[in-house]
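Single-letter residue listing:
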Amino acid sequence: QVTLKESGPGILQPSQTLSLTCTFSGFSLSTYGMGVGWIRQPSGKGLEWLANIWWDDDKYYNPSLKNRLTISKDTSNNQAFLKITNVDTADTATYYCARIEGRHYFDYWGQGVMVTVSS
Amino acid sequence: DVVLTQTPVSLSVTLGDQASISCRSSQSLEYSDGYTYLEWYLQKPGQSPQLLIYGVSNRFSGVPDRFIGSGSGTDFTLKISRVEPEDLGVYYCFQATHDPFTFGSGTKLEIK
């Protein structure tokens, strides 16, 4: 059974760094073809892809976030991480992590974690 | 960046009727190896999105055969035959052929 769960700080101030953790089970990020992606959704709005990391440590980022993103993984502990530097109120959103397997993206999603950026 | 234009923005359907959602891409979504990374997701109220269709027309595990994906190149369609109450929510198309990957803006399906 594949499960993913996001965790994060809940609230943070502008200019701080947002650190998110995705803890998963039911698959391994050391298996060929596996990946984890991060997607966010401001309240009442659509979905925005942020970043992916693959089994071989290959990484892809959304350039719209202008080098503020860093994705990483801890294979032995079944976790993936996303850092967003210099946050602004526009980063207020629900953040999801999701599994990627081979040719289908985001086949299992976490429940999401709400992050609020406010002074 | 690839822009995915979904129409209609919202759709009100009688239970048992068919619903059709269009997703038009600003570029062809056929990858160099011939595969097309076009997927459809449904986000039910208060829930995380769920994968319905991958590779244009392949239903993900457990997805009813009422959901039918079709299309090629730049034009794609999701048809839902015999709409049921649990089908309500927002439908998104998504492309992973071109970096950065992008979602459509969503189509809200309501039940009449």
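Residues numbered from 1 in each chain as written. Chains lettered and ligands numbered in written order. Predicted model: local features only at pLDDT ≥ 70, side-chain atom pairs only at ≥ 80, totals over all residues. Heavy atoms only, no water.

Residue and element names in this part refer to chain A. Pairing is antiparallel in the open sheet, where four strands are placed in the order S1-S3-S8-S7. In the strand order of this sheet, the two ends are held by strand S1 (3-7) and strand S7 (69-74), each with one partner. Adjacent strand axes in the sheet meet at a mean angle of 15° when their direction is disregarded. In terms of strand pairing, strand S3 (residues 18-25) meets strand S8 (residues 79-84) through six bridges, oriented antiparallel. Opposite Ser19, over in S8, you have Lys83 as the bridge partner. (Pairing = 2+ DSSP bridges. Helix = DSSP H or I, 4+ residues; strand = E, 2+ residues; numbered from the N terminus. Axes fitted to C-alpha atoms, helices over the stretch in contact; angles between N-to-C directions.)

The subject of this paragraph is the side chain of His104 of chain A. As for its position among the elements, His104 of chain A is in strand S10 (residues 104-109). Beyond its immediate stretch of four places on either side in the chain, His104 of chain A contacts Glu39, Leu51, Tyr54 and Phe60 of chain B. (Contact = heavy atoms within 4.5 Å.)

This brings us to the interface of chain A and chain B. Listed by partner, the interface residues are 23 residues for chain A and 19 residues for chain B. Summed over both partners, the interface of chain A with chain B buries about 1,800 Å², with 63% contributed by carbon and sulfur atoms. The largest per-residue losses of area from chain A upon contact with chain B belong to Leu47, Arg103 and Tyr105 of chain A, which jointly make up 38% of the total buried on that side. On inspection of chain A and its partner chain B, the count reaches one salt bridge. Across the salt bridge formed by Asp33 of chain B and Arg103 of chain A, the nearest N and O atoms sit 2.3 Å from each other. Those elements that provide at least two residues to the side of chain A that touches chain B are strand S4 (34-41), strand S5 (48-54), strand S6 (59-61) and S10 of chain A. Take the side of chain A that touches chain B: its biggest share by element is six residues, from S10 of chain A. Partitioning the side of chain A that touches chain B into residue classes produces 11 nonpolar, eight polar and four charged. (Buried area = accessible area lost by both parts, 1.4 Å probe. Salt bridge = Lys/Arg side-chain N within 4 Å of Asp/Glu carboxyl O. Nonpolar A, V, L, I, M, F, W, Y, C, P; charged D, E, K, R; others polar.)

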